[in-house]
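Close look at the chain arrangement
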Amino acid sequence: SDSNPPALNFSWFKENQTSAVGSGQSFSISRINSSHSGLYYCEAQNKYGSQRSASVSITVKGIFYKHTLLCSSCVK
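Anyway, here's the lowdown on the structure attached to this text. The residue numbering used here restarts from 1 in each chain and proceeds along that chain's sequence as written. Selection of residues for local features in this predicted model requires a pLDDT of at least 70, selection of side-chain atom pairs for listing and counting requires 80 or more, and totals for whole chains, interfaces and linings are taken over all residues. Note: side-chain values were computed over all heavy atoms of the structure, leaving out hydrogens and water.

Let's talk about the nonpolar core
- Nonpolar cores were defined as sets of buried Ala, Val, Leu, Ile, Met, Phe, Trp, Tyr and Cys residues, with membership established by side-chain atoms within 4.5 Å. Think of it in three bands: residues with accessible area under 20% of the maximum for their type are buried, residues over 50% are exposed, and the middle band is partly exposed, with areas taken using a 1.4 Å probe on protein chains only. Core analysis: the largest hydrophobic core is formed by five residues, namely Ala-7, Phe-10, Trp-12, Cys-42 and Ala-44.
- Only DSSP runs of H or I reaching four residues or more are called helices, and only runs of E reaching two or more are called strands; each is numbered from the N terminus. Among the elements of the structure, β1 (9-14) and β3 (38-46) are those that each provide at least two residues to this core.
- Excluding its chain neighbours within four sequence positions, the residues that come into contact with Trp-12 are Ala-20, Val-21, Gly-22, Ser-23, Gly-24, Gln-25, Ser-26, Phe-27, Tyr-41 and Cys-42. Should any heavy atoms of two residues lie within 4.5 Å, those residues are counted as being in contact.

Set out below in structure tokens:
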């Protein structure tokens, strides 16, 4: 953001969701999976108003496995 005065609040949104998915100048996704695919944008706000960024498309591809760990001394 290059607003004057500088933006104080940043909110991150996934399109078609009403509530923010993150806040702050950067946004990261923990434990990412294919459900996180979609369009994301940031909204920056200062005391005069807010401005929305262009949307960025994120596509998560891959195969996800559920792992089960067994204790070898417990298995008969």
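Moving on from the model shown.
Concerning the pairing of strand β4 (residues 49-52)
- When β3 meets β4, the two strands line up antiparallel, connected through four bridges. Bridge assignment links Gln-45 to a residue of β4, and that residue is Ser-50.
- Where β3 folds back onto β4 in an antiparallel hairpin, the turn is made up of two residues. By this definition, two strands are paired if DSSP reports at least two bridges between them.

A short note on the pattern of salt bridges
- Salt-bridge detection follows one rule: a side-chain nitrogen of Lys or Arg within 4 Å of a carboxyl oxygen of Asp or Glu. Summed over all chains, the structure comprises one salt bridge.
- Close ionic contact of Glu-15 with Arg-52 constitutes a salt bridge, the shortest N to O distance being 2.6 Å. With Glu-15 in the loop between β1 and β2 (22-23) and Arg-52 in strand β4, this pair connects stretches of sequence that are 37 residues apart.
- Its relative accessible area of 25% is what places Glu-15 among the partly exposed residues.
- Classification of Arg-52 as partly exposed rests on a relative accessible area of 43%.

Some points on the environment of Ser-37
- With respect to the secondary-structure elements, Ser-37 resides in the loop between β2 and β3.
- When its relative accessible area of 25% is taken as the criterion, Ser-37 is described as partly exposed.
- As for Ser-37 and Lys-14, which are separated by 23 residues in sequence, their C-alpha atoms are 9.2 Å apart.

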